[in-house]
Protein chains: 2
Amino acid sequence: MDAEAAELKVLDTAERLFDERGVQAVGMDALRTASGVSLKRLYQLFPSKDVLVEAVLRRRDGAVREALAAHGARVADGPYERALAAFDWLADWFAEPDFRGCAFINTFGELGGVAPNVAGLARDHKEALRAYFAAQTDALGAPPALADQLALLANGAMVVAGITGSPEPAAQAKAAARVLIDAAR
Amino acid sequence: MDAEAAELKVLDTAERLFDERGVQAVGMDALRTASGVSLKRLYQLFPSKDVLVEAVLRRRDGAVREALAAHGARVADGPYERALAAFDWLADWFAEPDFRGCAFINTFGELGGVAPNVAGLARDHKEALRAYFAAQTDALGAPPALADQLALLANGAMVVAGITGSPEPAAQAKAAARVLIDAAR
DNA sequence: GCATCGGGAGAACGATCGTTCTCCCGACCG
DNA sequence: CGGTCGGGAGAACGATCGTTCTCCCGATGC
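None of these values were measured; they are calculated from a predicted model.

Caption draft 1: Inspection of the protein's contact with DNA strand D at higher detail. In the vicinity of DNA strand D, the residues found are Arg32, Ser38, Lys40, Arg41 and Gln44 of chain A together with Val26, Gly27, Met28, Leu39, Tyr43, Ser48 and Lys49 of chain B. Restricting attention to atoms of DNA strand D within 4 Å of the protein, one finds that 57% of them are sugar or phosphate atoms. The backbone of Met28 of chain B places a nitrogen or oxygen atom 2.7 Å from a phosphate oxygen of DNA strand D. Here a phosphate oxygen of DNA strand D and a side-chain polar atom of Lys49 of chain B are 2.4 Å apart. Secondary-structure elements contributing two or more residues to the surface near DNA strand D are helix H3 (39-45) of chain A together with helix H3 (39-45) of chain B. Here the surface near DNA strand D takes 3 residues from H3 of chain A, the largest share from any one element. Residues of the surface near DNA strand D, tallied by class, amount to 4 nonpolar, 4 polar and 4 charged.

Caption draft 2: Spotlight on the pattern of salt bridges. By the definition in use, this model includes 18 salt bridges over all chains. A salt bridge links Glu15 of chain B to Arg59 of chain B; its shortest N-O distance comes to 3.0 Å. With Glu15 of chain B in helix H1 (residues 3-21) and Arg59 of chain B in helix H4 (residues 49-74), this pair connects stretches of sequence that are 44 residues apart. For Glu15 of chain B, a relative accessible area of 24% translates into the label partly exposed. The class for Arg59 of chain B is partly exposed, based on a relative accessible area of 27%. Because the salt bridges share partners, they merge into one network encompassing Asp12, Glu15, Arg59 and Arg60 of chain A.

Caption draft 3: Structural view of empty space enclosed by the protein. Residue and element names in this part refer to chain B. What the rule picks out here adds up to 4 cavities of 30 Å³ or more. Estimated volume of the largest cavity: approximately 130 Å³. Forming the boundary of the largest cavity are 13 residues, of which Phe18, Asp19, Val23, Ala103 and Thr107 lie nearest the centre. Contributing elements (two or more residues each) for the lining of the largest cavity: H1, H4 and helix H6 (103-111). Looking at the lining of the largest cavity element by element, the count peaks at 4 residues for H6. Broken down by class, the residue content of the lining of the largest cavity amounts to 6 nonpolar, 4 polar and 3 charged. Counting the residues that make up the lining of the largest cavity, at least three belong to each of domain 1 (1-47) and domain 2 (57-184).

What counts and how
Residues numbered from 1 in each chain as written. Chains lettered and ligands numbered in written order. Predicted model: local features only at pLDDT ≥ 70, side-chain atom pairs only at ≥ 80, totals over all residues. Heavy atoms only, no water. Near = heavy atom within 4 Å. Polar contact = N/O pair within 3.5 Å; in protein donor to acceptor, adjacent residues only side chain to side chain. Helix = DSSP H or I, 4+ residues; strand = E, 2+ residues; numbered from the N terminus. Nonpolar A, V, L, I, M, F, W, Y, C, P; charged D, E, K, R; others polar. Salt bridge = Lys/Arg side-chain N within 4 Å of Asp/Glu carboxyl O. Buried < 20%, exposed > 50% of the residue type's maximum accessible area, 1.4 Å probe, protein only. 1 Å grid on protein atoms, 1.4 Å probe; cavity = no way out; pocket = protein on both sides within 12 Å on 5 of 7 lines; lining within 4 Å. Points joined across faces, edges and corners; volume = space filled by probe spheres on them. Domains from an automatic or database assignment.

Structural data, given as structure tokens:
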């Protein structure tokens, strides 16, 4: 296994375990066992657990931004449909087995008070979500406040879907988003 | 200091420290130092940390339900104003210094995957919030789906206010709630 | 005054954490 | 073929955790 493959395996495993059990409940030894990457390699790839946590979050941040953009681009029907498409993406996500909420919301809850880098990553990630909506509402000529409201719906849906284990909040949020967008036009 | 005063002091201190640093980052010794209650008393009041965590969350759950009901009852203007009053309560809460988000969302993020009792308490707490909105939408003759949507807005506001540190999401959510309620009548 | 007992301070214990070190094997180079 | 070196397995280390135990003091009852 070369360095790239090991790094990928570590990031995949860490993302899954952190999501399932929380960050602090996953020891480096558990990560070693689950990933099959030795402790020595693990520490030469990521010099500390903090660095690894940050790397996992950064990769996840990029993946979400790409997935969101890709989902929006698939519907070429203009900003109205692109804004609503975000909630379809949420629906797909929530339906995944073992979905346990947004990694940034969860990690912020666990570490946001003591790890400023984690708090900052969560802030940036949520700002990116808001910016996605803002791009669509701007194109619609709707006020920027609408983008904030759509972001609230999306984040609320993530929380409620995570806590209740139901994917329904995605559809509920989409219906609410449609009402809000229609009212702003 | 008698038993009642000690229990109160422990619960107050634990709630504050858990909120500031997360549950796992607060050791029983830190709790002892901050509360001034000896380890011996602490363990005879709460036989384990798990029990203490659950007690803190149960008390917080009751306090939120009471505060929400009290805030709603203060405006006797009927269900329309009572539904919107919830967002005024959010605004007061978000403006508190050191506000760091909803304890149930944060604790679920940290422990929900490995502590089923914590996950259950979070579920019950969020169901109570939804039920508050459902009581108002029922009285308005609006469909129950509206209550779910208002709950999404409220939870989204808690998350975004916690992560960004701004109290603005309360007002944004209130404005969105008004549009949704008006559209449903 | 003396014995009893609850409670405070904090040491002690076993477990586990993040991190480093030791030992050893197998691949590559001359 | 002999030597060098990267990497794997896992022991070791110091710190910290949740929990329990020891020791001692002060109040209370007779």
